[in-house]
Amino acid sequence: MVDVIDGLYREGTPIKDTKAPGGPIDKRWETRKFEAKLVNPANRRKLSVIVVGTGLAGGAACATLGEAGYNVKAFCYQDSPRRAHSIAAQGGINAAKNYKEDGDSVFRLFYDTVKGGDYRARESNVYRLAEVSASIIDQCVAQGVPFAREYSGLLDNRSFGGVQVSRTFYARGQTGQQLLIGAYQALQRQVAAGTVQMNSRHEMLELIVVDGRARGIVTRDMVTGEIETHLADAVVLATGGYANLFFLSTNAMGCNATATWRAHRKGAYFGNPCFTQIHPTCIPVSGDHQSKLTLMSESLRNDGRIWVPKDPADREKDPRTIPEQDRDYYLERIYPSFGNLVPRDIASRAAKYQCDAGKGVGPGGRGVYLDFADAIARFGRKTVEERYGNLFDMYQQITGDNPYETPMRIYPAVHYTMGGLWVDYDLQSTIPGLFVAGEANFSDHGANRLGASALMQGLADGYFVLPNTIRDYLAAGPFPEVPDSAPAVVEAREAVQQRIDHFLSTKGTRSVDSFHRELGQILWEYCGMERTEAGLTKAVEQIRALRADYWKNVRVLGGNEQVNQSLEKAGRVADFMELAELMCIDALHRRESCGGHFRAESQTEDGEALRDDEAFAYAAAWEFSGPDAPPVLHKEELVYEFVEMKQRSYK
Amino acid sequence: MKINLKIWRQAGPNATGKLVTYRLDDVSPDMSFLEMLDVLNEQLIAKGEEPVEFDSDCREGICGMCGLVINGEPHGPRVTTTCQLHMRSFKDCDTITIEPLRADPFPVLRDLVVDRSPLDRIIAAGGFISVSTGAAPEAHATPVPKKNADRAFDTAACIGCGACVAACPNAAAMLFIGAKVTHLGELPQGQPERAARIVKMLNQHDAEGFGGCTNVGACADACPKSIPFDVISQLNKDLRTSLVRGL
Amino acid sequence: MKLLMALTGSLFVLFVLMHMYGNLKVFAGQEAFDSYAHHLRTLGEPILPYSGFLWIFRIVLVLSVIGHAYSAFYLWSKAHNARSTRYAVRAAGAAAWRTQTMRWGGVALIAFLTWHLMHFTTNKINVNSAVSDATIGDSPYQLVVASFQVWWITVFYLAALVAVGLHLQHGVWSAVQTLGWAGTPGARRISQLLGNAVALVVSIGFALPPLFIMFGFVK
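Here the structure is a predicted model, which is why all the values come from computation and not from measurement.

Caption draft 1: Geometry of the overall build of chain C. Tallying secondary structure elements over chain C gives 8 helices and 0 strands in all. Each helix and strand of chain C, ordered N terminal to C terminal, gives the series α-α-α-α-α-α-α-α. Principal-axis analysis of the C-alpha atoms places the extent of chain C at approximately 60 × 45 × 35 Å. Each of the 219 residues in chain C was classed as buried or not, and the buried ones make up 27%. Taking the intrachain contacts of chain C between residues at least 6 apart in sequence as the baseline, contacts between residues at least 24 apart amount to 67%.

Encoded structure:
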């Protein structure tokens, strides 16, 4: 056995994506679709697929697989598939339609995404994403998604997140909602057609692996508490990201990593867990009661100016009384060419530095001003209202302040996780038959995701990629029937039951939320916007101690046979604890700064992120080797044939 | 702030429920309504009492998962979702009564958690455009006048929270259906199935046991997304067309 | 069911407007009023027998009342079944008020209608002891005048008119909505205005004769 490195992990054999065909990048997807085996339409209803999660990726996959005639069983923890957190995405969805004739193309979208991801994503996957992006818009329009239109009746586009072409399609500030409702309606159509069996208020608690293949899941009915076994020929996880392990994030209350973590424990490798995205424009924390953070669309930075008082003594003052010369518009000062529109990670980190220097404003001193006074003076209040009215209303609703009169306060918050289960070009994990789609996989965004790309990836995976690649696997099925008495099934069910019994019988002193909050504080402090060797080491120790205490000291009241949200959360937080540790180990081992991962030790003289392409141009795929054993790192080398690796600069 | 709460507690779908009184002493006006309940739950857990179960997910007013009837009004005194309601909307020493969304098609599962799956079944009955993946024409093939696109959006903003049903004295889900048939009916893509869609959705609505609309308008007053009441008239108009066509 | 309600309701609105037109003839004097009442009975002759039109009209109206009430009770019971557990706290909003006025107001109107028909059509009850039955004779005009000289009858009718007005205010606009003509914000505003207008016109129009009679302007 190889040595334990840094006392934390071992290194295993390299891993490789074997599914992407070689050759010209623009022919790879076509080739793969052609080479993937077909399933005779008459055989499809004999093949069953479990899909966990009904957001953009899962909902779209369910609908498409159902339309194709497969027998689909869908699961979500919410009371309806329409509630998945994809719904909260505000800004828009990118697509290489080039409707504006401004030089956009599939290749440019591909290039921007690879560059934006700081050269830590796989070229083949990203190219395919850009390639199918245009079909997504066609599909959604046909479904009745009410995208914004011009007076001509044609679709409107805007530029988003500092990109120089206008390729973002949007439906006011509710693009995610409209796209999800489109997918949801397509899904409900299949429910009515009988091809999809929908199980809402069901949470996946274990993966069933039989003879090396993913064959089913164990779920808990969140109303009756019943532990159920569901078997199929393949399992798709589309369960979203794990940003909720920070406790305070822009994720929904129920977002969790249990499905992916359970799969990881059963053999699926976890890719790049330390790549998390911190969004710069969120409403700051207002007190200890805070349960989540609310994002304000990035588009606010188009017209708003970010500043802090030059003198920390001014931070308690009414911002309107601070004269111009006493304000520091720090982004405009440090990044004269991009100004307030620098990428998310840079804007976030800059805000942190200002607050660390004691200039932060608002409760707790964690906030900076986003000021629209100049925009209102220049365009008039009416124009500003047209552009941002709904966001201003939302801000006022939450904070009680009127942003037309006084500057908004914003602060970064965890928003998205680029990391996720490792998958090959077919979106198949290292467990045969287990596919992973959307934010739950690690594949397309590298170390940083561009704005308006999450919706694109979710729908690309769900509508167009997965249904084409999964058939190559299903063509070998139906696989032998698994009896309920099979050892793998019995073992999975018992594991679930034991965990539930443990939580209910521990009768400790602390609530699940109090542990979750503490875990979040550790991560935000040491594995947030800026990470250091010492901090991460400390975080690993603290997380381990917290986890040990958790299993002994958590208090979950009530029983299993009822709606019991504490019990639901107890399982999720247990998995968060383990994932958090892996995240810190990954962050510790990656001694470079790239994208959303900023290591203080690796920066340029000006304090910018410094990549180390010699040592770290790989994706880290982690293998689970036991709850207290060091995880094993498998490196997937990243080769750039079509895009040249460059250091980002926004000065 | 000090707040007195009367909360509906019900152990399970078939159990009898009752209002139970609680008192909270340290409520910050900046708390959201649901965060206030989180604080209550932490205190209950510390005392060894089972916490109050209530639904919420995104907590930014878009997923539609939350929905409590606060002092007789779904989502409380403001035109917003429960999660976006803040305690500054209440006064010190207020007594707040919290009940679940009440309608027989929405049975209580526990405390304030109800089952809203009838709304999913109404959508499954016809609230969609039948276009399979890959069958879509180029997006610019059919222009949509901005006016229609905007109205489609306004009505598509429905979050399916069920507040309209809870507010309606008849427990009808007409605003929900009206919003969907108007959304799809405003778009050229929605025309082929327009007449049949509405009949199927209404049949499902009645089969689920919702009441009938008597044009009271409480639904639109309670709607956190301000779906306008005229979608119900639009629905009636479309229904007339469908009836004339003998569907 | 709602369509039935809306259509029968619309018939009533037309009827009520016509009825009001007839009532206002009180101001034109006994002859005009009585001949109008008589005219109603000869309308359609000789195609229809004496009172033929009136009878057809009456049958249609009675069927409409039945249909209207049936659909109302149907919706009422459906609403009741759709929410068997009531809210402990009910918001005192306009919505609750509207529902209650429609339901209980409707029931009250049926009771009123029964009395009203007995009073003026079937039994021709003379409530004014100061006027002898002989004076009234066969003149509807005299009966009307005699009745409304009694203050409590007038007050009773005025109360009924308030109920009619409230019922119409919601009913007219509601019928427009149900028939699908209020599908835009503008159309909705117009039909709500229409509802208010009809309600006002009808209740004032009906209120004038009794008031004028009570205060002795019409004898």
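Caption draft 2: Region of interest: the interface of chain A and chain B. In this assembly, 62 residues from chain A lie in contact with 65 residues from chain B. Broken down by secondary-structure element, the contributors of at least two residues to the side of chain A that touches chain B are helix 3 (56–68), helix 5 (123–143), helix 6 (175–193), helix 11 (381–399) and helix 16 (565–589) of chain A. Per-element accounting of the side of chain A that touches chain B gives the leading share, 9 residues, to helix 6 of chain A. Of the residues in the side of chain A that touches chain B, the class split is 22 nonpolar, 28 polar and 12 charged.

Caption draft 3: Up close: the packing of helix 3 (residues 146–156) of chain B against helix 5 (residues 174–185) of chain B. All names here are of chain B. In contact at an axis separation of 8 Å, helix 3 and helix 5 are set at 155 degrees when each is read in the N-to-C sense. The angle between the axes of helix 3 and helix 5 places the two elements in the roughly antiparallel class. For helix 3 against helix 5, the interelement crossing comes out left-handed. Touching Arg 151, Ala 152, Thr 155 and Ala 156 of helix 3 are Ala 179, Thr 182 and His 183, all from helix 5. Across the contact of helix 3 with helix 5, the residue classes break down as 3 nonpolar, 3 polar and 1 charged.

Caption draft 4: Structural context of the environment of Ile 129 of chain B. Following the sequence through the fold, Ile 129 of chain B ends up in the loop between helix 2 (117–126) and helix 3. Judged by the 21 C-beta atoms lying within 10 Å of it, Ile 129 of chain B falls in the buried class. As for Ile 129 of chain B and Glu 99 of chain B, which are separated by 30 residues in sequence, their C-alpha atoms are 36 Å apart. Setting aside chain neighbours within four positions, we find Ile 129 of chain B in contact with Ala 142, Gln 143 and Gly 144 of chain A together with Leu 184, Gln 189, Gly 190 and Glu 193 of chain B.

Caption draft 5: Up close: the nonpolar core. Ranked by size, the top nonpolar core spans 310 residues in total, and within it Val 49, Val 236, Leu 237 and Cys 584 of chain A together with Cys 164, Val 165 and Leu 175 of chain B carry the most contacts. A per-element tally of this core places helix 16 of chain A first, with 14 residues. Cys 584 of chain A has contacts with Cys 527, Leu 536, Ala 539, Val 540 and Ile 543 of chain A, leaving out every residue within four places of it along the chain. By size, the runner-up hydrophobic cluster in this structure holds 10 residues, among which are Phe 33, Tyr 141, Phe 148 and Val 218 of chain C.

Caption draft 6: Examining the pairing of strand 5 (residues 94–99) of chain B more closely. Residue and element names in this part refer to chain B. Note: strand 1 (residues 3–9) against strand 5, 5 bridges, orientation parallel. The residue bridging Ile 7 from the neighbouring strand is Ile 98, located in strand 5. Pairing geometry for strand 3 (residues 69–70) and strand 5, over 2 bridges, is antiparallel. Within the sheet, the bridge partner assigned to Ile 70 lies in strand 5 and is Ile 98.

Caption draft 7: Broad picture of the sheet that holds strand 4 (residues 73–74) of chain B. Residues and elements named next belong to chain B. Pairing within the open sheet is mixed, and its 5 strands lie in the order 2-1-5-3-4. Looking at which strands have only one partner, the edges of the open sheet turn out to be strand 2 (18–24) and strand 4. In the sheet, strand 1 pairs with strand 2 via 7 bridges, with the strands oriented antiparallel. Bridged to Trp 8 within strand 2 is Leu 19.

Caption draft 8: Up close: the interface of chain B and chain C. Each side of the interface is counted separately: chain B has 34 residues, and chain C has 33 residues. Its residues assigned to classes, the side of chain B that touches chain C comprises 13 nonpolar, 13 polar and 8 charged.

Caption draft 9: The sheet that holds strand 6 (residues 196–199) of chain A, seen in detail. All names here are of chain A. Spatial ordering of the open sheet is given by 6-3-2-10-18, a layout of 5 strands whose pairing is parallel. Each edge of the open sheet is held by one strand with a lone partner, namely strand 6 and strand 18 (434–436). Neighbour to neighbour, the strand axes of the sheet diverge by 20 degrees on average, direction disregarded. Bridge analysis of strand 3 (residues 71–75) against strand 6 gives 4 bridges, and the strand direction is parallel. Among the inter-strand pairings, Val 72 is bridged to a residue of strand 6, identified as Val 196.

Caption draft 10: Molecular detail of helix 6 (residues 194–207) of chain B. Residues and elements named next belong to chain B. Over its 14 residues, helix 6 runs 20 Å from end to end, which matches the ideal 20 Å to within 8%, given 1.5 Å per residue. Those residues of helix 6 not exposed but buried are Arg 197, Ile 198, Met 201, Leu 202, Gln 204 and His 205. With its buried residues spanning 160 degrees around the axis, helix 6 presents them on a single face. Residues of helix 6 that are buried sit in contact with helix 2, helix 5 and helix 8 (230–244).

Caption draft 11: Quick peek at unusual backbone geometry. Here Gly 477 of chain A and Pro 478 of chain A are connected by a cis peptide whose omega angle stands at -5 degrees. Unusually for a residue other than glycine, Ala 452 of chain A sits at a positive phi of about 70 degrees. Inspection of the secondary structure puts Ala 452 of chain A in the loop between strand 18 and helix 12 (454–474). The class for Ala 452 of chain A is buried, based on 25 C-beta atoms found within 10 Å. With a phi close to 65 degrees, His 75 of chain B is a non-glycine residue in the positive phi region. As for its placement among the helices and strands, His 75 of chain B is situated in the loop between strand 4 and strand 5. Judged by the 27 C-beta atoms lying within 10 Å of it, His 75 of chain B falls in the buried class.

Caption draft 12: Up close: the environment of Pro 432 of chain A. Among the structural elements, Pro 432 of chain A can be located in the loop between strand 17 (420–421) and strand 18. In contact with Pro 432 of chain A, other than residues within four places in its own chain, are Gly 212 and Arg 213 of chain A.

Caption draft 13: Structural detail: the domain arrangement of chain B. All names here are of chain B. Domain parsing of chain B yields domain 1 (3–110) and domain 2 (116–244). Between domain 1 and domain 2, the C-alpha centre-to-centre distance is 29 Å. Between domain 1 and domain 2, the residue contacts involve 18 residues of the former and 17 residues of the latter.

Caption draft 14: Here's a closer look at the pairing of strand 20 (residues 632–637) of chain A. Residues and elements named next belong to chain A. Across 2 bridges, strand 1 (residues 10–11) lies against strand 20 in parallel orientation. In the strand pairing of strand 20, Glu 11 is matched with Leu 633. Relative to strand 20, strand 19 (residues 618–623) runs antiparallel, the two being bridged by 6 bridges. Pairing of Ala 619 across the sheet is with Glu 636, part of strand 20.

Caption draft 15: The arrangement of the packing of helix 3 of chain A against helix 6 of chain A in detail. All names here are of chain A. Contact geometry of helix 3 with helix 6 gives a least axis separation of 8 Å together with a crossing angle of 35 degrees. Viewed along their axes, helix 3 and helix 6 form a crossing whose handedness is left-handed. Residues Leu 56, Gly 59, Ala 60, Cys 62, Ala 63, Gly 66 and Glu 67 of helix 3 form the contact with helix 6, whose participating residues are Leu 179, Leu 180, Ala 183, Tyr 184, Ala 186, Leu 187, Gln 190 and Ala 193. Tallied by class, residues from the contact of helix 3 with helix 6 come to 11 nonpolar, 3 polar and 1 charged.

Definitions and limits used
Residues numbered from 1 in each chain as written. Chains lettered and ligands numbered in written order. Predicted model: local features only at pLDDT ≥ 70, side-chain atom pairs only at ≥ 80, totals over all residues. Helix = DSSP H or I, 4+ residues; strand = E, 2+ residues; numbered from the N terminus. Buried ≥ 20, exposed ≤ 12 C-beta atoms within 10 Å, placed from the backbone. Contact = placed C-beta atoms within 7 Å. Nonpolar A, V, L, I, M, F, W, Y, C, P; charged D, E, K, R; others polar. Axes fitted to C-alpha atoms, helices over the stretch in contact; angles between N-to-C directions. Parallel < 35°, antiparallel > 145°, perpendicular 65-115°, else oblique. Left-handed = near helix turned anticlockwise from the far one by under 90°. Core = buried A, V, L, I, M, F, W, Y, C linked by C-beta atoms within 7 Å. Pairing = 2+ DSSP bridges. Expected span 1.5 Å × (residues − 1). Arc of directions from axis to C-beta. Domains from an automatic or database assignment.

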